[in-house]
Amino acid sequence: MEIKAVRGFNDLLPNEIGKWQFVEETAREVFEGFGFSEIRIPILERTELFSRGIGEATDIVEKEMYTFTDRSGNSLTLRPEATASMARAYLEHQLYTFDPVAKLYCIGPMFRYERPQKGRYRQFYQIDAEVFGVENPMVDAEVIVMLIHFLKRVGLEKLELQINSLGCHACRPRYREELKKFLTQKSFQLCEDCQRRLQTNPLRIFDCKVETCQEAIANAPKVTDFICPECQKHFDKVKEHLETAGLTYILNPRMVRGLDYYTRTAFEVVSYQLGSQNAVTGGGRYDNLFQEIGGLEIPGIGFAIGMERLVSLLPKDKEFVQTPYLFIAALGEGPLKEAYRIVNQLHLQGIRAELDYEGKSLKSQMRRADKFKAQYVLILGDEELKQGKAVLRNMETKFQEEIPIPNLVNILKEKVRRQE
Ligand code: AMP
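Residues numbered from 1 in each chain as written. Predicted model: local features only at pLDDT ≥ 70, side-chain atom pairs only at ≥ 80, totals over all residues. Heavy atoms only, no water.

Brief notes about the sheet that holds strand E2 (residues 44-46)
Ordered in space as E2-E4-E3, the three strands form an open sheet in which the pairing is antiparallel. Across the chains shown, the open sheet's two edge strands, defined by having one partner strand only, are E2 and strand E3 (67-69). Put simply, the sheet's adjacent strands are angled 35 degrees from each other on average, direction ignored. In the packing of helix H2 (residues 47-54) onto the sheet, contacts are made with E2, E3 and strand E4 (75-78), and the angle to E2 comes to roughly 70 degrees. (Pairing = 2+ DSSP bridges. Helix = DSSP H or I, 4+ residues; strand = E, 2+ residues; numbered from the N terminus. Axes fitted to C-alpha atoms, helices over the stretch in contact; angles between N-to-C directions. Contact = heavy atoms within 4.5 Å.)

This is the structure in structure tokens:
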């Protein structure tokens, strides 16, 4: 029986990989320009990093983690997100001793046992950026500016930035109580999951897609009416800095984000092209995460961009597929041997070239060159080889010229350079 990939786990095939490479290269360029450095963290962590960091009463920890016991009896989990791991690495390697402020980014796969649908997978890729060690609202605005700049650089349009403040651990408990009181009166309208959430984590009810739950929560009190003066001041400053940077935003008091560790600033960038899974990026401030995972009192802020969703929004007219620059059509044994020598030389010079190893008929080799969309074809037969020449055909203009074989690599290098 043919073995298929696991449900919710996707292959990224060569015909789409160009888009992914473009997004990743642009992210590296933009983020590094903003002073961020790459960090690579393991895919597996101890389960408690996530259960304590993200919070026991969240969907991720309750039902979405890929957790297993290894052969030594340790409970390990495939990372469902990167922030907790990045915070762990910052503490474990005492990056704060070099400088208290760390600006880090990371690109890689995450794993959540969710119901697969368009835009929602069990293995998905995120680009994460985090700043550790700064409480100042300037940095909240700075990461949002970087995010929007990046999304525009890759060609996204019609995006909406939504922001909210979730308060802090001093003022949020009062809001939770108010929300709980309000929803208890409407508990008959809540789905089974939300009945449970009402006891464990009532803020999660905002994220429920069930219609009756949405109705129940429609007129609920707003978190921003309960935040303390300190949180209010912080939020006002974030808005002021965003305005100074010329960014427009929408206040969304219902956006609470699915992870427990968020405090104060929360934000999402949504695209209305995407259907129901419309968030491309989620992020926020988490001033208590470090303490939850057993560390020091260190503030943090960051975001995660969903790469599948981002790639699906890239401009359709942009060409991302890499095609060979040159196809060599060799006719006969002697020419094939020479073609093989030439193709190796070209590869060493970084010129993308292809060869038909079987030396089939000219017609079938030209068909392959067409299929590959090669810019040039080099035709090499016994006659040409005897004269030390080859025919170079420009596939677009159909112009053909004879080139002395010893000059070939230099001539092609020149043509590639002119094209760039
Ligand atoms: P979160 O880590 O839940 O805040 O999500 C951040 C971003 O990751 C979202 O805005 C999505 O673009 C993306 N994302 C989250 N979960 C999934 C998933 N299961 N499949 C695909 N993308 C996801």
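Observations concerning unusual backbone geometry
Residue Lys373 is not a glycine yet carries a positive backbone phi of 60 degrees. Classification of Lys373 by relative accessible area gives exposed; the value is 61%. In the Ramachandran plot, Lys398 falls in the positive-phi region, its phi being about 70 degrees despite a non-glycine side chain. Note on placement: Lys398 falls in the loop between strand E15 (389-394) and strand E16 (400-404). For Lys398, a relative accessible area of 48% translates into the label partly exposed. (Buried < 20%, exposed > 50% of the residue type's maximum accessible area, 1.4 Å probe, protein only.)

Re the pattern of salt bridges
The final tally for this structure, using the stated rule, is 23 salt bridges. Between Arg285 and Asp287 there is a salt bridge, with its nearest N and O atoms 3.1 Å apart. Since its relative accessible area comes to 0%, Arg285 is described here as buried. What makes Asp287 buried here is its relative accessible area of 15%. Within the structure, one salt-bridge network assembled from shared partners comprises Glu62, Lys63, Asp193 and Arg196. (Salt bridge = Lys/Arg side-chain N within 4 Å of Asp/Glu carboxyl O.)

Describing the domain arrangement of the protein chain
What the domain assignment lists for the protein chain is domain 1 (14-171 + 227-312) and domain 2 (326-414). Using only C-alpha atoms to locate each centre, domain 1 and domain 2 end up separated by 49 Å. (Domains from an automatic or database assignment.)

Re the packing of helix H5 (residues 137-153) against helix H9 (residues 229-244)
Look at H5 against H9: their axes get within 8 Å of each other, and the N-to-C directions meet at 45 degrees. In terms of orientation, H5 lies oblique with respect to H9. Both H5 and H9 take part in a crossing whose hand is right-handed. Residues Pro137, Met138, Asp140, Ala141 and Ile144 of H5 lie in contact with H9, whose contacting residues are His234, Lys237, Val238, His241 and Leu242. Residue composition of the contact of H5 with H9, grouped by class: six nonpolar, two polar and two charged. (Parallel < 35°, antiparallel > 145°, perpendicular 65-115°, else oblique. Left-handed = near helix turned anticlockwise from the far one by under 90°. Nonpolar A, V, L, I, M, F, W, Y, C, P; charged D, E, K, R; others polar.)

Considerations on the pairing of E16
Bridge analysis of E15 against E16 gives five bridges, and the strand direction is antiparallel. Opposite Arg393, over in E16, you have Gln400 as the bridge partner. Between the antiparallel neighbours E15 and E16 lie five residues, among them Lys398 with a positive phi of about 70 degrees.

Quick look at the packing of aromatic side chains
Under the definition given, this model contains 18 aromatic pairs. When the ring of Phe132 is compared with that of Phe290, the centres are 5.0 Å apart and the planes differ by 85 degrees; the resulting orientation is edge-to-face. With Phe132 in strand E6 (residues 123-132) and Phe290 in helix H10 (residues 289-292), the pair connects residues that are 158 residues apart, well separated along the chain. For the pair shown, Phe132 and Phe290 are each scored as buried. Joined through ring pairs, the aromatic side chains of Tyr90, Tyr96, Phe132, Tyr261, Tyr262, Tyr286 and Phe290 make up one cluster. A cation sits over an aromatic face here: Arg122 above Tyr113, 3.9 Å from the ring centre. Geometry around Phe372 places Lys371 over its ring, the cationic atom sitting 5.9 Å from the centre. (Phe/Tyr/Trp six-rings, centres within 6.5 Å; stacked < 30°, edge-to-face > 60°. Lys NZ or Arg CZ within 6 Å of the ring centre and 35° of its normal.)

A closer look at the pairing of E15
With four bridges joining them, strand E14 (residues 376-380) and E15 adopt antiparallel strand pairing. Directly across from Ile379, in E15, lies its bridge partner Val391.

Quick word on the sheet that holds E16
Read from one edge of the open sheet, five strands run E13-E12-E14-E15-E16, paired in mixed fashion. Each edge of the open sheet carries a strand with a single partner, namely strand E13 (353-355) and E16. Adjacent strand axes in the sheet meet at a mean angle of 25 degrees when their direction is disregarded. On top of the sheet, helix H13 (residues 362-372) reaches strand E12 (326-330), E13, E14 and E15; it is set at about 170 degrees to E12, its chief contact.

Re the site of the ligand
Residues in close proximity to the ligand total 15 residues, the closest being Arg112, Glu114, Tyr121, Gln126 and Arg257. Separating an oxygen atom of the ligand from a backbone N or O atom of Thr281 is a distance of 3.5 Å. Protein chains shield 92% of the accessible area of the ligand, which is 480 Å² for the free molecule. Mapped onto the shell around the ligand, the elements with two or more residues apiece are E6, strand E10 (279-285) and strand E11 (300-306). Examining the composition of the shell around the ligand, we find that four residues originate from one element, E10, more than from any other. (Near = heavy atom within 4 Å. Polar contact = N/O pair within 3.5 Å; in protein donor to acceptor, adjacent residues only side chain to side chain. Areas by Shrake-Rupley, 256 points an atom, 1.4 Å probe, with all protein chains shown as cover.)

Let's talk about the packing of helix H6 (residues 172-184) against helix H7 (residues 192-200)
Where H6 contacts H7, the axes come no closer than 10 Å and their chain directions differ by 145 degrees. Regarding H6 and H7, the two cross each other, and that crossing is left-handed. Between H6 and H7, the residues in contact are Arg176, Lys180, Leu183 and Thr184 and Leu198, Gln199 and Thr200, respectively. Considered class by class, the residues forming the contact of H6 with H7 number two nonpolar, three polar and two charged.

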